[in-house]
Structures are given as structure tokens and as C-alpha cells.
Amino acid sequence: MSLHLDRIEWMPSPPLAPDDGPIDIAHLRRMTLGDAALEREVLTMFAAQASRLASELAALPPDASALAHTLKGSARAVGAFALGDAAAHVESLIRSGGNPADALSELDDAVSDAKSAIAAVLRQA
């Protein structure tokens, strides 16, 4: 039995975890069971919650760790994974007694990116 091998031009592999931007729309659709109205409602509520929690976290109140934990879970639930990771980093630094100043700045950037993506999604609706 002879094997016939053709030369195939190299092409890059897709990323292991696709980067779909600040909001993973496919994840959001799964979480909302494909209900477009529910997607819009969830995104609207999340944008408001993310802004509020980020503002509260900036003051580093006594419950800052819990606030970061809440934001982390909400972000991951709607598919804002970069924002969830940024909130997890803030939470970890607060719990370990580290200085979260730089992490809070990164969190603000992630909130801004997510809110911009959400605004774009809502405009398309």
C-alpha cells in the first residue's frame, strides 16, 4: 500500500480560545437561550451594574473584595471574559493585601471596552 502525500501550504491555526472582543456573543446567546430581547435586557443591566461596581471599587470600601467578586461573576455570565479576569485580579489583590491601584485602572479599561461593545450590540438591535 502506497501513501500519497501532497504538499499543503502552511496556514495559521485558529486560536485555541477565540477572541471575539469584549463580549462573547455566542456565550451570551447560549446563556439567554437565543432570546434577543433577553440578550438586550441582560446587556443593559450588566452595563449599568459594571459601571456602578467599578465606581464603588475605586473607593476601596471594606466590602471591595465582595464587589469585585460580584463583578467577576456577572461579567463571566454575560461573556465579558476579559472584564471578569480583570475583576478577578482586583479581587485577588485585595484578598492578599496587595495594592490594587494598577489592577483597578485595568478594570476601568475593561469596563469601558465592555460598555462600548454593549452599546454597539444594542445599536444593531
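The structure displayed is predicted, hence computed values, not measured ones.

> Help me understand helix H4 (residues 81–96), please; the structure alone is not making it clear to me.
Think of an α-helix as 3.6 residues a turn; residues three or four steps apart then line up on the same face. Taking 1.5 Å per residue, 16 residues should reach 22 Å; H4 reaches 22 Å between its end C-alpha atoms and fits that length. Those residues of H4 not exposed but buried are Leu 83, Gly 84, Ala 86, Ala 87, Ala 88, Val 90, Glu 91 and Leu 93. Residues of H4 that are buried sit in contact with helix H2 (36–58), helix H3 (64–78) and helix H5 (101–124).

> For this particular structure, what's the right way to read the pattern of salt bridges?
Where charged atoms from two side chains of opposite charge come close, those side chains can pair. According to the stated counting rule, one finds five salt bridges in the structure shown. Residue Arg 52 is joined to Glu 56 by a salt bridge in which the shortest nitrogen-to-oxygen separation is 3.1 Å. You can see Arg 52 and its partner Glu 56 sitting in helix H2, four residues apart, about one turn around the helix. Ionic pairing is found between Arg 76 and Asp 85, a salt bridge with its closest N-O pair at 3.0 Å. With a relative accessible area of 33%, Arg 76 lands in the partly exposed category. Overall, the relative accessible area of 47% leaves Asp 85 in the partly exposed class. Each member of the salt-bridge network shares a partner with another, and the members are Lys 72, Glu 91 and Arg 95.

> Sorry if this is basic, but what is going on with the environment of Ala 125 here?
Within the element layout of this structure, Ala 125 appears in the segment after H5. Expressed as a C-alpha distance, the spacing of Ala 125 and Glu 39, which sit 86 residues apart in the sequence, is 10.0 Å.

> What is the right way to read H2 from this model?
In this model, H2 (23 residues) spans 33 Å end to end at C-alpha, consistent with the 33 Å of a helix rising 1.5 Å per residue. Among the residues of H2, those classed as buried are Glu 39, Val 42, Leu 43, Phe 46, Ala 47, Ala 50, Leu 53, Ala 54 and Leu 57. Among the structural elements, helix H1 (25–31), H3, H4 and H5 are those in contact with the buried residues of H2. The N-capping residue of H2, defined by a side-chain oxygen 3.1 Å from the backbone nitrogen of Ala 37, is Asp 35. A positive phi of about 45° marks Leu 60, the residue just after H2.

> How should the side chain of Ser 74 be read in this particular structure?
Positionally, Ser 74 belongs in helix H3. Every residue in contact with Ser 74, bar those within four places of it in the chain, is listed here: Phe 46 and Gln 49.

So, how was this worked out
- Residues numbered from 1 in each chain as written.
- Predicted model: local features only at pLDDT ≥ 70, side-chain atom pairs only at ≥ 80, totals over all residues.
- Heavy atoms only, no water.
- Helix = DSSP H or I, 4+ residues; strand = E, 2+ residues; numbered from the N terminus.
- Expected span 1.5 Å × (residues − 1).
- Buried < 20%, exposed > 50% of the residue type's maximum accessible area, 1.4 Å probe, protein only.
- Contact = heavy atoms within 4.5 Å.
- Salt bridge = Lys/Arg side-chain N within 4 Å of Asp/Glu carboxyl O.
- Polar contact = N/O pair within 3.5 Å; in protein donor to acceptor, adjacent residues only side chain to side chain.

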